[in-house]
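Letter by letter, the chains look like this.
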Amino acid sequence: MSLGGFFERYFVDPIRYNQGYNIVNTTVYAIILGIAVVLLYKFLKRIDVRVNEEFFKALMPYILLGPLMRAMTDLGMLPRTYLTVSPGGYFVIAGFAIAALLVARRYMEGARLYGLYRDIGLLLLSGLLFLLVINYGRLSIRWSYLLYFVPVLTVAELSVWLAAKKFDLIKNNGILFYTHFYDATTTFVGLQFFGFWEQHVLARKLISITGTPAAMYLEKLLILLPVVYILDRFMEDEDPDLINFVKLAIFILGFGPGTRNLLIVLLRG
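We now turn to the structure provided with this report. In this convention, every chain numbers its residues from 1, walking through the sequence in written order. Local features in this predicted model are restricted to residues whose pLDDT is 70 or higher, and side-chain atom pairs enter the listing and the counts only when it is 80 or higher, whereas totals over whole chains, interfaces and linings include all residues. The side-chain numbers reported here are obtained from all heavy atoms of the structure, hydrogens and water having been left aside.

## Considerations on the side chain of Thr179
Here comes step 1: Think of it this way: any DSSP run of H or I at least four residues long counts as a helix, any run of E at least two long counts as a strand, and we number them from the N terminus. Topologically, Thr179 is positioned in helix α8 (residues 174-194).
Here comes step 2: The cut-offs for exposure are 20% and 50% of the maximum accessible area for each residue type, with area from a 1.4 Å probe on protein chains only; residues under the lower value are buried, those over the upper are exposed, and the others partly exposed. In this structure Thr179 comes out as buried when scored by relative accessible area, which is 7%.
Here comes step 3: Any two residues whose heavy atoms approach within 4.5 Å are treated as being in contact. When sequence neighbours within four positions are dropped, the list of residues in contact with Thr179 reads Phe251, Gly254 and Phe255.

Listed below in structure tokens is the structure:
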């Protein structure tokens, strides 16, 4: 197989034909993500932006942009191109987020910087929401989804709450576990009750082995527990901004896909 054929088979066709992820592109995307996290962290340090609660709040509109754009693409409101689906769509959103941060950094400092940064993100987000509203007539809301999603999510998040009362590792990283169990719930409900299919190769394997989409919760634990253990126990002497930024990336990897799943199943009635 030629290099071009290899690239087309493992990277182009999965996007072109909506085949989901495979072991090759998953590995490459994971490496790219790791490199991107390090480079973005260095970029934030260079422009003297702290990764703290204020930064997280200001970043939320950009975090919402990703799943909303992907859901609108899957719903036919945006053209399906390499720039509107994963991973290209996330690079596009990251580009907007970086450009907006540079603009805000040029004109503001301190708390006012975060305020301007948030407002630019809200402006971008409102543009997509406006497009969603004007296409509302094309949608068919699947309200029955909530009859499954809400009780399953309640049980899932309650299990995190109970585990957090016993294990400090989960308690200290509660937002990550709550977020990824939210993601797991959107996938579980979509697969178990509405006939959707799982795109990620590891999750597909676990579901195949266990015979149930509930394996999504196991996958989250298998990934989250060792990662946060390493961050909290072996990297405690590292720059707090670096640890916060890695955890922010982990949060986005749960919140983004989970919200996209929620929107797709709910709005495609």
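## Looking at the packing of aromatic side chains
Here comes step 1: Put simply, two rings from Phe, Tyr or Trp (the six-membered ring, in Trp's case) pair if the centres are within 6.5 Å, and we call them stacked under 30 degrees between planes, edge-to-face over 60, tilted for the rest. On inspection of all chains with the given rule, the structure shows 15 aromatic pairs.
Here comes step 2: Both rings, one in Tyr229 and one in Phe234, keep their centres 5.7 Å apart while their planes meet at 65 degrees; by these two values the pair is edge-to-face.
Here comes step 3: Here Tyr229 falls in the partly exposed class, since its relative accessible area comes to 37%.
Here comes step 4: Judged by its relative accessible area of 61%, Phe234 falls in the exposed class.

## Some points on the layout of surface pockets
Here comes step 1: In this structure, the second largest pocket occupies an estimated 300 Å³ of space.
Here comes step 2: Using a grid of 1 Å spacing that covers the protein atoms alone, one calls a set of points a cavity when a 1.4 Å probe fits there but cannot get out, and a pocket when the set is open and has protein on both sides within 12 Å along at least five of seven lines; lining residues are those with an atom within 4 Å of a point. Lining the second largest pocket are 14 residues, with Phe56, Ile175, Asn244, Lys247 and Leu248 positioned closest to its centre.
Here comes step 3: Residue assignment for the lining of the second largest pocket shows that the elements contributing at least two residues are α3 (53-74), α8 and α11 (240-267).
Here comes step 4: Tallying contributions element by element places α11 first for the lining of the second largest pocket, with 4 residues.
Here comes step 5: Ten residue types, Ala, Val, Leu, Ile, Met, Phe, Trp, Tyr, Cys and Pro, are classed as nonpolar, four, Asp, Glu, Lys and Arg, as charged, and the remainder, Gly among them, as polar. Considering only residue class, the lining of the second largest pocket consists of 7 nonpolar, 5 polar and 2 charged. Grid points are joined across faces, edges and corners, and a volume is the space filled by probe spheres set on the points.

## Examining α3
Here comes step 1: Compared with the 32 Å implied by 1.5 Å per residue over 22 residues, the 32 Å span of α3 between its first and last C-alpha is a close match.
Here comes step 2: Of all 22 residues in α3, 17 are buried; the element is thus mostly enclosed.
Here comes step 3: Gly76 occupies a position one or two residues after α3 and carries a positive phi of about 85 degrees. What a helix should span is 1.5 Å times the count of its residues minus one.

## Some points on empty space enclosed by the protein
Here comes step 1: Counting across every chain of the model gives 2 cavities of 30 Å³ or more.
Here comes step 2: Taken as a whole, the second largest cavity holds about 40 Å³ of empty space.
Here comes step 3: Every residue lining the second largest cavity is listed: Gly66, Met69, Arg70, Thr84, Val85, Ser86, Gly89, Tyr90 and Ile93.
Here comes step 4: Secondary-structure elements contributing two or more residues to the lining of the second largest cavity are α3 and α4 (88-107).
Here comes step 5: Taken together, the residues of the lining of the second largest cavity break down into 4 nonpolar, 4 polar and 1 charged.

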